[in-house]
Amino acid sequence: MARISYVNGQYVDHRNASVHIEDRGFQFADSVYEVFAVQNSCLIDGDAHLDRLDRSLNELSITQPMSRAALKLVIREVLRRNHITYGALYLQVTRGQADRDFPFPSDITPTLVLTVKRLKPFDYNAVSQGIKVISIDDIRWKRCDIKTVSLLAGAMGKTQAKQAGAYEAWQVDGEGCITEGTSSNAWIVTQDGLLVTRSLSTDILGGITRKTLLAIAEKENLKFEERSFTLAEAKSAREAFSSSSTVFIRPIIQIDDAKIGDGKPGPFCLNVLKLYGQYMENCS
Ligand code: PDD
């Protein structure tokens, strides 16, 4: 079955889907994006992702490509044409195409691109397997709260992780504190059973999974704190995990050479993973 993507008003064969070589997304990473999980034909936290997209566009003064209602119709249509029940939807908006020049052009039409990927349904047993992470310096720019496609530092970090036999790299700021993973938010559970994740600022992306997990923690009366934590604190934590729309929640069993807890996924994380799985099942 042909894979269909959306490019500027057209539903096209994925193999021929393209934008112009002078698109500012290509030349300046002048572009923002979202990745949505699709479970049982439902877009998980769709409106929260679209809210974050609006924010990213506003922060960079990129014109909205279309109304939210129209965007939702395009999303539905891309899922329908690809017969996607479980997968990931990628949506990117660039400032548009113009002769290469640094200042933002004033009269420019944004480029809108959507692609989908079929994935296996959320599987608690598969996702609950522990992963290893490495720590790396956070060398990114100072507006990590905007979800731009300027992802080279993340790609470098993830490659380093892969070469070290790890799944993710946690980035460390100048004060020795973890900011976040290259494509996920970072969490620990302290020896006292307190859930900790870094508070929102320009240093990290406000993850939608992070937001949902905090809401779940609140509802379940789990004690949590939004604050910075050092790499040393993470290594001596009782548990640790990463969260994102594509990997959901992944228990971490090792950071660099340090085993976390007893080196197996811990009960707090597995409980949160179970609750998140239930949350996705109830999505409509
Ligand atoms: N990345 N932090 C960074 C730097 C990210 O790139 C991501 C997501 C997250 C988690 O955000 P969310 O829970 O909204 O997915 C945190 C996506 C999945 C990606 O780039 O593929």
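Residues numbered from 1 in each chain as written. Predicted model: local features only at pLDDT ≥ 70, side-chain atom pairs only at ≥ 80, totals over all residues. Heavy atoms only, no water.

1. Let's talk about the environment of Ile 44
Position of Ile 44 among the secondary structure elements: in the loop between strand E4 (42–43) and helix H2 (46–59). Taking relative accessible area as the criterion, Ile 44 reaches 2% and is therefore assigned buried. Measuring from C-alpha to C-alpha, the distance between Ile 44 and Asn 282 comes to 9.8 Å, with 238 residues separating the pair along the chain. With sequence-adjacent residues up to four places away left out, Ile 44 is seen in contact with Ala 37, Gln 39, His 49, Tyr 276, Tyr 279, Met 280 and Cys 283. (Helix = DSSP H or I, 4+ residues; strand = E, 2+ residues; numbered from the N terminus. Buried < 20%, exposed > 50% of the residue type's maximum accessible area, 1.4 Å probe, protein only. Contact = heavy atoms within 4.5 Å.)

2. Some remarks on the site of the ligand
In the region of the ligand, 20 residues are neighbours, and Tyr 33, Glu 180, Ile 208, Thr 209 and Ser 245 sit closest. In the environment of the ligand, an oxygen atom lies 2.5 Å from a nitrogen or oxygen atom belonging to the side chain of Tyr 33. In this structure, a nitrogen atom belonging to the ligand sits 2.7 Å away from a side-chain N or O atom of Glu 180. Put simply, the parts of the chain that give the shell around the ligand at least two residues each are strand E3 (31–39), H2, strand E9 (178–181), helix H6 (208–219) and strand E13 (239–244). Residues that form the shell around the ligand fall into these classes: four nonpolar, 12 polar and four charged. The residue makeup of the shell around the ligand includes at least three contributed by each of domain 1 (4–118) and domain 2 (124–283). (Near = heavy atom within 4 Å. Polar contact = N/O pair within 3.5 Å; in protein donor to acceptor, adjacent residues only side chain to side chain. Nonpolar A, V, L, I, M, F, W, Y, C, P; charged D, E, K, R; others polar. Domains from an automatic or database assignment.)

3. So, the packing of aromatic side chains
Evaluated as defined, the whole model comprises eight aromatic pairs. Seen from their ring centres, Tyr 6 and Tyr 11 are 5.2 Å apart, and the 65° between their planes marks the pair as edge-to-face. Given a relative accessible area of 6%, Tyr 6 falls into the buried group. Residues Phe 28 and Phe 102 carry aromatic rings whose centres are separated by 5.0 Å and whose planes lie at 70° to one another, so their mutual orientation is edge-to-face. Placement of the pair is Phe 28 in helix H1 (residues 24–28) and Phe 102 in the loop between strand E5 (87–94) and strand E6 (111–118), with a sequence separation of 74 residues. Phe 28 gets classed as partly exposed once you look at its relative accessible area, which sits at 22%. (Phe/Tyr/Trp six-rings, centres within 6.5 Å; stacked < 30°, edge-to-face > 60°.)

4. Quick word on the domain arrangement of the protein chain
When cut into domains, the protein chain gives domain 1 (4–118) and domain 2 (124–283). One C-alpha centre belongs to domain 1, the other to domain 2, and the line joining them spans 26 Å. Every contact between the two is made by 22 residues of domain 1 and, on the other side, 20 residues of domain 2. Of the roughly 1800 Å² buried between domain 1 and domain 2, counting both surfaces, carbon and sulfur atoms make up 63%. When residues of domain 1 are sorted by the area they lose upon contact with domain 2, Tyr 33, Asp 45 and Arg 52 head the list and together hold 33% of the total. At the junction of domain 1 with domain 2, the criterion picks out two salt bridges. Arg 55 is the partner of Asp 145 in a salt bridge, and the nearest nitrogen-oxygen pair spans 2.9 Å. When contributions to the side of domain 1 that touches domain 2 are tallied by element, the ones reaching two or more residues are E3, E4, H2 and E5. Per-element accounting of the side of domain 1 that touches domain 2 gives the leading share, seven residues, to E3. Counted by class, the side of domain 1 that touches domain 2 contains 12 nonpolar, five polar and five charged residues. (Buried area = accessible area lost by both parts, 1.4 Å probe. Salt bridge = Lys/Arg side-chain N within 4 Å of Asp/Glu carboxyl O.)

5. Some details on the state of the cysteines
The tally for this structure, following the rule as stated, stands at one disulfide. The structure places no disulfide on Cys 144, whose sulfur is separated from the nearest cysteine sulfur, that of Cys 177, by 15 Å. Residue Cys 144 is classed as buried on the basis of its relative accessible area of 9%. (Disulfide = S-S within 2.5 Å.)

6. Quick word on the packing of H2 against helix H3 (residues 68–81)
With their axes 12 Å apart at the nearest point, H2 and H3 run at an angle of 125° to one another. When the interaxial angle is binned, H2 and H3 end up oblique. Regarding H2 and H3, the two cross each other, and that crossing is right-handed. Residues Asp 47, Leu 50, Asp 51, Leu 53 and Asp 54 of H2 form the contact with H3, whose participating residues are Arg 68, Leu 71, Lys 72 and Ile 75. Here the residues of the contact of H2 with H3 sort into four nonpolar, no polar and five charged. (Axes fitted to C-alpha atoms, helices over the stretch in contact; angles between N-to-C directions. Parallel < 35°, antiparallel > 145°, perpendicular 65-115°, else oblique. Left-handed = near helix turned anticlockwise from the far one by under 90°.)

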